[in-house]
Amino acid sequence: MLGIYRCLLHLYPASHREQFGAEMIAVFSQLRADTAQKGVTARGVFSVREAAGLLRGAMREQVRVLGAHVRLPFPTRRFTMRNGFRFPKSTPVLMTIILAGVVLAIDKGKAISASLPNVNPHIGPIQPEHHTFLPLIALAFAVFYVAGALGWVILFALHRSGVHRLAEFDPSGDSRI
Amino acid sequence: METLPLTEPVLLILLSLAGQPRHGYSILKDVEQMSDGRVVLSTGTLYGALRRLLDDDWIERFEERDSSRGRQAYRLTLQGRRNLQVEVSRMKHLTRLANLRVAVKES
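All residue numbers refer to position in the chain's written sequence, counted from 1. A letter from A marks each chain and a number from 1 marks each ligand, given out in the order of writing. Totals for whole chains, interfaces and linings use all residues, but because this is a predicted model, local features are given only for residues with pLDDT of at least 70 and pairs of side-chain atoms are given and counted only at 80 or more.

**Quick look at the overall build of chain A**
Step number 1: The helix count covers DSSP runs of H or I at least four residues long, the strand count covers runs of E at least two residues long, and both are numbered beginning at the N terminus. Looking only at helices and strands, chain A features five helices and zero strands.
Step number 2: Moving toward the C terminus, one meets the helices and strands of chain A in the order α-α-α-α-α.
Step number 3: Any residue surrounded by 20 or more other C-beta atoms within 10 Å of its C-beta is treated as buried, while 12 or fewer makes it exposed and the intermediate range makes it partly exposed; C-beta atoms here are placed from the backbone. Per-residue burial over chain A gives 11% buried out of 177 residues.
Step number 4: Think of it this way: build a C-beta for each residue from its backbone, and any pair within 7 Å is a contact. Within chain A, contacts between residues at least 6 apart in sequence are counted, and of these 48% link residues at least 24 apart.

Next comes the structure, spelled out in structure tokens:
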């Protein structure tokens, strides 16, 4: 687990890792030791919280480092989720109920449609619609996920290339790139 | 850059440092205790907030003398303490106002 944590730390900008990396690992080790005596659920919650915190923190730091040299036309802070934000616990339950309702409604619609008599020979039999919006939602999720991942890769590659440091270059002085 | 009003985690971190200087683990535990377990910070969240507070000179970092491992600790700067007082005053005013309004509504 410590190995995964160290790997995830590499998503942070080098400056942040140099300044806080060792300290973060030390604190994480202490927290992990505390959680080791607790149950499986507590350990799971701890792991998810730490992983999510690291990913969100790394993303924020990368955006900050890039944003320091690239003037964005909007405040980046608006796109960061507040630290204390949590979905209500009822959210997954409500989402499941709504999804089940939609699926049942579609099935019911199919059954009614199939049972209707075909009185007009010019129209032909009424066929149930097989294309629901569920695959569309899944496709939209996949597209957004891929777009987000691509954006992240581009930002990360730009940062790793050190291109943002060109702004610090002073040809007349002895500043380092 | 930290701006007022502060988010709850940042406010709790500053309140934790208002009493005494602390290192990372101690801040996490104190925040959890102060919020009765409601706010549990991850290390990523904590060190992101600490970095911003350091950049804005609200807190400063120093090496603990009595620690054998040379741990880094954090304490409020004068500016940080002043900003915290401004935020607490704002919250006091808001609470007083809310109490008045709620009391009027109930009567």
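**Quick look at the overall build of chain B**
Step number 1: When helices and strands are counted, chain B shows four helices and two strands.
Step number 2: Listing the helices and strands of chain B from first to last along the sequence gives α-α-α-β-β-α.
Step number 3: By the burial criterion, 28% of the 107 residues in chain B qualify as buried.
Step number 4: For chain B, long-range pairs separated by at least 24 residues make up 48% of all intrachain contacts whose partners lie at least 6 apart in sequence.

**Concerning the interface of chain B and chain A**
Step number 1: The interface is formed by 16 residues belonging to chain B together with 19 residues belonging to chain A.
Step number 2: For the side of chain B that touches chain A, the element with the highest residue contribution is helix H3 (residues 43-55) of chain B, accounting for six residues.
Step number 3: Amino acid classes used here: Ala, Val, Leu, Ile, Met, Phe, Trp, Tyr, Cys and Pro are nonpolar; Asp, Glu, Lys and Arg are charged; the rest, including Gly, are polar. Of the residues that constitute the side of chain B that touches chain A, the class distribution is six nonpolar, eight polar and two charged.

**Brief notes about the nonpolar core**
Step number 1: For our purposes the nonpolar core covers buried Ala, Val, Leu, Ile, Met, Phe, Trp, Tyr and Cys residues that link as a set through C-beta atoms within 7 Å. Residues Ile13, Leu46, Leu50 and Ile59 of chain B are the most contacted members of the largest nonpolar core, which totals 30 residues.
Step number 2: When residues of this core are traced back to their parent elements, those giving at least two are helix H2 (14-36) and helix H3 (40-67) of chain A together with helix H1 (8-19), helix H2 (24-34), H3 and strand E2 (72-76) of chain B.
Step number 3: In this structure, Ile59 of chain B is in contact with Leu17, Leu50, Leu53, Leu54, Tyr74, Arg75, Leu76, Thr77 and Gly80 of chain B, ignoring residues within four places of it in sequence.

**Section: the confidence of the model for chain A**
Step number 1: Confidence in the prediction of chain A, expressed as mean pLDDT, is 78, and 71% of residues score 70 or more.
Step number 2: Every residue is assigned a pLDDT by the predictor, reflecting its confidence on a scale from 0 to 100. Mean pLDDT per element in chain A: helix H4 (residues 91-115) of chain A is the minimum at 82, and H2 of chain A is the maximum at 92.

**Section: the environment of Glu63 of chain B**
Residues and elements named next belong to chain B.
Step number 1: Inspection of the secondary structure assignment puts Glu63 in strand E1 (residues 59-63).
Step number 2: Residue Glu63 is classed as exposed on the basis of its C-beta count, with 10 C-beta atoms lying within 10 Å.
Step number 3: When the C-alpha positions of Glu63 and His23 are compared, they lie 9.4 Å apart, and in sequence the two are 40 residues distant.

**Concerning the confidence of the model for chain B**
Step number 1: Averaged over every residue, the pLDDT of chain B is 89; the share at 70 or more is 89%.
Step number 2: Interface confidence for the predicted complex, given as ipTM, is 0.84, next to a pTM of 0.60.

**Some words on the packing of H3 of chain A against H3 of chain B**
Step number 1: Running from amino to carboxyl end, H3 of chain A crosses H3 of chain B at an angle of 30°, the nearest separation of the two axes being 6 Å. Relative to H3 of chain B, H3 of chain A is oriented roughly parallel. Contacts between H3 of chain A and H3 of chain B pair Glu50, Gly53, Leu54, Arg56, Gly57, Arg60 and Glu61 of chain A from the former with Thr43, Gly44, Thr45, Tyr47 and Gly48 of chain B from the latter.
Step number 2: Its residues assigned to classes, the contact of H3 of chain A with H3 of chain B shows two nonpolar, six polar and four charged. To obtain each axis, a line is fitted to C-alpha atoms, and for helices this fit is confined to the stretch in contact; angles are then taken between N-to-C directions over 0 to 180 degrees. Here the word oblique covers every angle except those under 35 degrees (roughly parallel), over 145 (roughly antiparallel) and from 65 to 115 (roughly perpendicular).

**Considerations on the packing of H2 of chain A against H2 of chain B**
Step number 1: Relative orientation of the contacting elements H2 of chain A and H2 of chain B amounts to 50°, with a least axis distance of 9 Å. Here H2 of chain A is positioned oblique relative to H2 of chain B, judged by the angle of their axes. From H2 of chain A, Glu23, Val27 and Gln30 of chain A reach across to H2 of chain B, where they touch Gly24, Tyr25 and Leu28 of chain B.
Step number 2: Residue classes in the contact of H2 of chain A with H2 of chain B are distributed as three nonpolar, two polar and one charged.

**Quick look at unusual backbone geometry**
Residues apart from glycine generally show negative phi values, whereas peptide bonds are mostly found in trans.
All names here are of chain B.
Step number 1: The phi torsion at Asp36 lies on the positive side, around 55°, for a residue other than glycine.
Step number 2: One non-glycine residue, Asp57, adopts positive backbone phi at about 60°.
Step number 3: If you trace the backbone, Asp57 turns up in the loop between H3 and E1.

**Observations regarding the environment of Gln72 of chain B**
Residues and elements named next belong to chain B.
Step number 1: Inspection of the secondary structure assignment puts Gln72 in strand E2.
Step number 2: Residue Gln72 is classed as partly exposed on the basis of its C-beta count, with 18 C-beta atoms lying within 10 Å.
Step number 3: Separated by ten residues in the primary sequence, Gln72 and Phe62 place their C-alpha atoms 5.6 Å from one another.

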